[in-house]
Amino acid sequence: SGGRTTVSSGAAASGGTISGGGSATVLGGGTLSGALVLNTGSAIVASGGVAAGLGLSTGAQLQVSAGGIASGGTVSGGGIATAFAGGTLSGLALLSVGSAVLSGGAARGLVLSGGRINVASGGTATGTVLSSGGRVYVSSGGVASGSVVSSGGIQTTYAGGVASGTVVSAGGIDVVSSGGRASAT
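Let me begin by describing the structure that accompanies this report. Keep in mind that this is a model prediction, so the values were computed, not measured. (Residues numbered from 1 in each chain as written. Predicted model: local features only at pLDDT ≥ 70, side-chain atom pairs only at ≥ 80, totals over all residues. Heavy atoms only, no water.)

Within the secondary structure, Ser151 is located in the loop between β24 (148–149) and β25 (154–157). The partly exposed category is assigned to Ser151, whose relative accessible area is 47%. Expressed as a C-alpha distance, the spacing of Ser151 and Gly133, which sit 18 residues apart in the sequence, is 8.6 Å. Setting aside residues up to four positions removed in sequence, Ser151 forms contacts with Ser131, Ser132, Ser169, Ala170, Gly171 and Gly172. (Helix = DSSP H or I, 4+ residues; strand = E, 2+ residues; numbered from the N terminus. Buried < 20%, exposed > 50% of the residue type's maximum accessible area, 1.4 Å probe, protein only. Contact = heavy atoms within 4.5 Å.)

Moving on, we come to the side chain of Thr128. Inspection of the secondary structure puts Thr128 in the loop between β20 (124–126) and β21 (129–131). Assessed through its relative accessible area of 1%, Thr128 is described here as buried. If sequence neighbours within four positions are ignored, Thr128 has contacts with Leu110, Leu112, Ile117, Val136, Gly146, Ser147 and Val148.

Attention now goes to the nonpolar core. Residues Leu54, Leu62, Leu89, Leu102, Leu110 and Ile117 are the most contacted members of the largest nonpolar core, which totals 35 residues. Listing elements by their share of this core, those giving two or more residues are β4 (23–26), β7 (42–45), β10 (61–64), β13 (80–84), β16 (99–103), β19 (116–119) and β22 (135–138). When near neighbours in sequence (up to four residues on either side) are disregarded, Leu54 contacts Leu32, Ser33, Gly34, Ala35, Val37, Ala43, Leu62, Gly73 and Thr74. (Core = buried A, V, L, I, M, F, W, Y, C linked by side-chain atoms within 4.5 Å.)

What follows is about the sheet that holds β7. With parallel pairing, 10 strands are arranged side by side in an open sheet as β1-β4-β7-β10-β13-β16-β19-β22-β25-β28. Of all strands in the sheet, those with a lone pairing partner are β1 (4–7) and β28 (173–176), marking the two edges. Looking at each pair of strands side by side, their axes are set apart by 10° on average, direction ignored. Bridge count for β13 against β16 is 5 bridges, and the pairing is parallel. Paired with Ile80 across the two strands is Ser99, which belongs to β16. (Pairing = 2+ DSSP bridges. Axes fitted to C-alpha atoms, helices over the stretch in contact; angles between N-to-C directions.)

This is the structure we're talking about:
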């Protein structure tokens, strides 16, 4: 709690809890897996670093820089996962009040049930599955492709945003605002 951990090249750290303002930084060639990040704790993934199966909650943050990847795991309870340009989020589950921000970064195969994704300029979200309270917001310069919007899910594409290949099933909602663009939906 409150401390700092660095996972260096060639090193692997697993389990443990990062909380109370504590942080873990994963450098290139390092791997952090299965840790819980809670209560304003943070995990930072640098270029070439990997975070796998983390659990974020209660205001925790995960930040993935260019060349870094975060795969699997869950985000809930006010936790936020951010992918900057060149960073990747893969296969995360966004649960109640959990969110992902694609600030130029990419997301692949995220599953939303009560969570949300903000796709900002330069960000791309591919193969997102939304249900029961899941939300995707595609802002100007952002792209969402191949989203599957099922019952209770809503995808909204704002002016300057692009949504392509969206599949909407019973009870799902796909909104394209004025100036937004949808193709092959």
